[in-house]
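# Report on the structure
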Amino acid sequence: MIINGLISGLLFLVSLWLIFSEKLNRTIAAFLGAALMLGLGKLLGFYSEVEALSSIDFNTLGLLLGMMILVALLEPTGLFEYLAVWASRLSRGNPVRLLVLLGTITTVLSMFLDNVTTVVLVAPVTILMGEILGINPMPFLMAEALLSNTGGVATLVGDPPNVLIASAAGFSFVDFLTHSFPIVLVVWLAALLLLRYLFRKELSVQPSNPEALQGLDLSETLTDRVTAFRVLVVLACALLGFLLHGLLEMSPAFIALSAAAGALIWVQPNPSEVLKRVEWSVLAFFAALFVMVGGLEATGVLDALARLAKAAVSATPVLSGVALIWLVAGISAMVDNVPVTIALIPVIEGLASGGVNVNPFWWALVFGAGFGGNGTIVGSTANIVVAGLSERTRTPITSRQWNRRGLPVMLTTCAVASLLYVLFFPLFIR
Amino acid sequence: MLVRDCMKREVTSIRPTVTIRQAAALIVERHVGLLPVVDEHERLIGVVRLHDLMSLELPDFVNLFPEVDFVHDFGAVETTRPEPELLQRQATTLMEPAISAEEDCGLLRAYALMLHHSLLDLPVVTSDQKLVGLASRVDIGVAILSTWQTSDSPS
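Residues numbered from 1 in each chain as written. Chains lettered and ligands numbered in written order. Predicted model: local features only at pLDDT ≥ 70, side-chain atom pairs only at ≥ 80, totals over all residues.

### A look at the overall build of chain B
When helices and strands are counted, chain B shows 5 helices and 5 strands. Start at the N end of chain B and walk to the C end: the helices and strands fall as α-β-β-α-α-β-α-β-β-α. Principal-axis analysis of the C-alpha atoms places the extent of chain B at approximately 55 × 45 × 25 Å. The buried share of chain B, taken over its 155 residues, is 26%. Considering only residue pairs separated by 6 or more positions, chain B has 64% of its internal contacts joining residues 24 or more positions apart. (Helix = DSSP H or I, 4+ residues; strand = E, 2+ residues; numbered from the N terminus. Buried ≥ 20, exposed ≤ 12 C-beta atoms within 10 Å, placed from the backbone. Contact = placed C-beta atoms within 7 Å.)

### Concerning the overall build of chain A
Counting its secondary structure elements, chain A contains 24 helices and 0 strands. What you see for chain A is a C-alpha radius of gyration of 22 Å, in line with the 22 Å of a compact globule of 430 residues. Here the C-alpha coordinates of chain A stretch approximately 70 × 45 × 45 Å along the principal axes. Sorting the 430 residues of chain A into buried and exposed places 56% on the buried side. In chain A, of all internal contacts separated by at least 6 residues, the share reaching a separation of at least 24 is 82%. (Rg over C-alpha atoms; globule rule 2.2 N^0.38 Å.)

### Side note on the interface of chain B and chain A
Taken together, the contacts link 15 residues of chain B with 18 residues of chain A. The residue makeup of the side of chain B that touches chain A, split by class, is 9 nonpolar, 3 polar and 3 charged. (Nonpolar A, V, L, I, M, F, W, Y, C, P; charged D, E, K, R; others polar.)

### Some remarks on unusual backbone geometry
One non-glycine residue, E249 of chain A, lies in the positive phi region at around 55°. Relative to the assigned elements, E249 of chain A resides in the loop between helix 14 (225-248) and helix 15 (252-267). The backbone phi angle of S118 of chain B is positive, close to 50°, even though this residue is not glycine. S118 of chain B sits in the exposed class, given 7 other C-beta atoms within 10 Å.

### Remarks on the pairing of strand 4 (residues 121-125) of chain B
All names here are of chain B. With respect to burial, strand 4 is a largely interior element, 5 of its 5 residues being buried. Where strand 3 (residues 101-102) and strand 4 come together, 2 bridges link them in parallel fashion. Across the sheet, the residue bridging to A101 is V124, located in strand 4. In the sheet, strand 4 pairs with strand 5 (residues 131-136) via 5 bridges, with the strands oriented antiparallel. Across the sheet, P123 pairs through a bridge with L134, a residue of strand 5. Between strand 4 and strand 5, which pair antiparallel and follow one another directly, the connecting turn spans 5 residues, one of which, Q129, has a positive phi of 70°. (Pairing = 2+ DSSP bridges.)

### Focus on the nonpolar core
Judged by nonpolar contacts, the single largest core of 161 residues is most densely connected at L70, L365 and V386 of chain A. Apart from residues lying up to four places away in sequence, L365 of chain A is in contact with I165, L324, V328, T341, L344 and I348 of chain A. Core analysis: the second largest hydrophobic core is formed by 29 residues, C6, L107, L119 and L134 of chain B among them. (Core = buried A, V, L, I, M, F, W, Y, C linked by C-beta atoms within 7 Å.)

### Regarding the confidence of the model for chain A
When the pLDDT values of chain A are averaged, the result is 91; 100% of them are 70 or greater. By mean pLDDT, helix 18 (residues 301-315) of chain A is the weakest element of chain A at 81, and helix 11 (residues 181-198) of chain A is the strongest at 96. (pLDDT = per-residue confidence, 0-100.)

### Some remarks on the sheet that holds strand 3 of chain B
Residues and elements named next belong to chain B. Sheet architecture is open: 3 strands sit in the order 3-4-5, paired in mixed fashion. The open sheet has two free edges, formed respectively by strand 3 and strand 5, since each of these has just one partner strand. With respect to the sheet, helix 4 (residues 107-116) is in contact with strand 3, strand 4 and strand 5, its orientation differing from that of strand 4 by roughly 130°. (Axes fitted to C-alpha atoms, helices over the stretch in contact; angles between N-to-C directions.)

### Some details on the packing of helix 1 (residues 2-20) of chain A against helix 2 (residues 26-44) of chain A
Residues and elements named next belong to chain A. Orientation of helix 1 relative to helix 2, taken along the N-to-C sense of each, is 170°, at an axis distance of 9 Å. Put simply, helix 1 runs roughly antiparallel to helix 2. Together, N4, I7, S8, L11, F12, S15, L18 and I19 of helix 1 and R26, A29, A30, L32, G33, L36, M37, L40 and L44 of helix 2 make up the contact between the two elements. Residue classes in the contact of helix 1 with helix 2 are distributed as 12 nonpolar, 4 polar and 1 charged. (Parallel < 35°, antiparallel > 145°, perpendicular 65-115°, else oblique.)

### Overview of the packing of helix 9 (residues 160-169) of chain A against helix 21 (residues 359-372) of chain A
Residues and elements named next belong to chain A. Contact geometry for helix 9 and helix 21: axes closest at 10 Å, N-to-C directions at 170°. Regarding the angle of helix 9 to helix 21, the classification is roughly antiparallel. Between helix 9 and helix 21, the contacting residues are P161, N162, I165 and A169 on the first element and W362, L365, V366, A369 and G370 on the second. Grouping the amino acids of the contact of helix 9 with helix 21 by side-chain chemistry returns 7 nonpolar, 2 polar and no charged.

### Observations concerning the environment of R307 of chain A
Residue and element names in this part refer to chain A. Within the secondary structure, R307 is located in helix 18. Residue class for R307 comes out partly exposed when judged on the 13 C-beta atoms lying within 10 Å of it. For R307 and G350, which are 43 residues apart along the polypeptide, the C-alpha to C-alpha distance reads 7.7 Å.

### Things to note about helix 15 of chain A
Residue and element names in this part refer to chain A. Between its first and last C-alpha, helix 15 extends 22 Å over 16 residues, near the 22 Å set by a 1.5 Å rise per residue. Within helix 15, the full set of buried residues consists of P252, A253, I255, A256, A259, A260 and A263. For helix 15, the angular spread of buried residues about the axis comes to 165°, placing them on one side. Residues of helix 15 that are buried sit in contact with helix 4 (58-74), helix 10 (173-179) and helix 14. Count one or two residues on from helix 15 and you reach Q268, which has phi positive near 50°. (Expected span 1.5 Å × (residues − 1). Arc of directions from axis to C-beta.)

As structure tokens, then:
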């Protein structure tokens, strides 16, 4: 038993190392790990195909797939570009106003849609505006990534770790609105003010030709009005479904996939084009991680970890919660927050089966995984995407620049979140 | 007909030591779209295209959009010039690997190469990579179309 635990633990750690060190593409590394875990499990008798299959959380995968299809339909309509251009015209070239408007738009979009897609579509317009105004687009690009990472924490569908945690903990969309949203609102404002301060020098440069922005034609950006309207209507219905899913006794995955079906029927696009834009590698990565963690669970490694943690967390739940926020944030700053979340979920579940009230730890995991990604240039996919796009401008964002601005944002958001977490701890027990 | 029969034999080429500013001056003076880069033995080692120099004027961000029709005013982009120190760098920093054809390459193969790699000019080399000529799409296309006028064409 102990040998099996050691083998599965070692295999998991090696796979994580391969993922984090980027020696191997993360999906390939996870697939390899999953195959080895099941292979060894069958050989040594600790894990079977049936167990592996049942360890895959199809609720998470279904919700992600449904939302990805909606985004894939919305992507080519030009809606994101429309909103970004609208914001830039509204700012009339004032850099601070532009920062606030673009930051708000990316945040609101990323609360309901995938962060990366939002950033991928808004960042080019941001770069364009920087070039037209003759100002450095770096503050706006970084603000978009940092604020969308922060805003994504607010809702169940805002960020993949939230989907995972909600599914494991049984949290509803409304739970996120009552527990996470108010905290994120305060944290987000703090992040915005901090960004305003950190970029005070860049933002003080007033462009000499603000009127040039009025030359951006709004109507020409929204190339497919009809589809955009239809998908937005479906998305609104899906959000209503999420709000009521407890009452309706429907899983979020069912709502998201039904919405995707509804949108596909209404829009009738070329399905292969739409499905091409779905990020299958992400879904495959999730599934493979689930299979790996399932193996760890089967050997009892996670139970052992939970037993170890139990004594500490029962004695000092508040302190343990805050420690968890910072621990997860620290790890998520350096590596992808999805494997961290998937690995910690069974540990917290183990604590729960030991009789501990784990609700505060679920929320600590939400905050840590969400806000931690801001710390470094590789902390979240949105950061990597923004930095990659900035290489196509005159002023690429370097890792050092990110550390100077992103790290303070991460520390501040975690500090504010920790403070509110402690102050409103009774809220998180329920 | 082969590519050697329609290429230009007088080619303006540069050495790797030339600066970006000097390369630009040559392109302006000779009104050409491409400068082959050759070593001391006249062997082709790469090309510097007008397109590569233009990337310093118009950064790559334009390609992030499926179309730029909605941008009616390019604003500061129109007046932003590259930094002087950038122009002092060696032109080889912008050099692209040369896609070339040998002298005895058929015209349609040469044309297909250019289409495939989106080239406007094709350097022509000997079997030991010595630069001997340059053929543009127009040079090759004209040579091909001229065969349509021979006697066996329907009158």
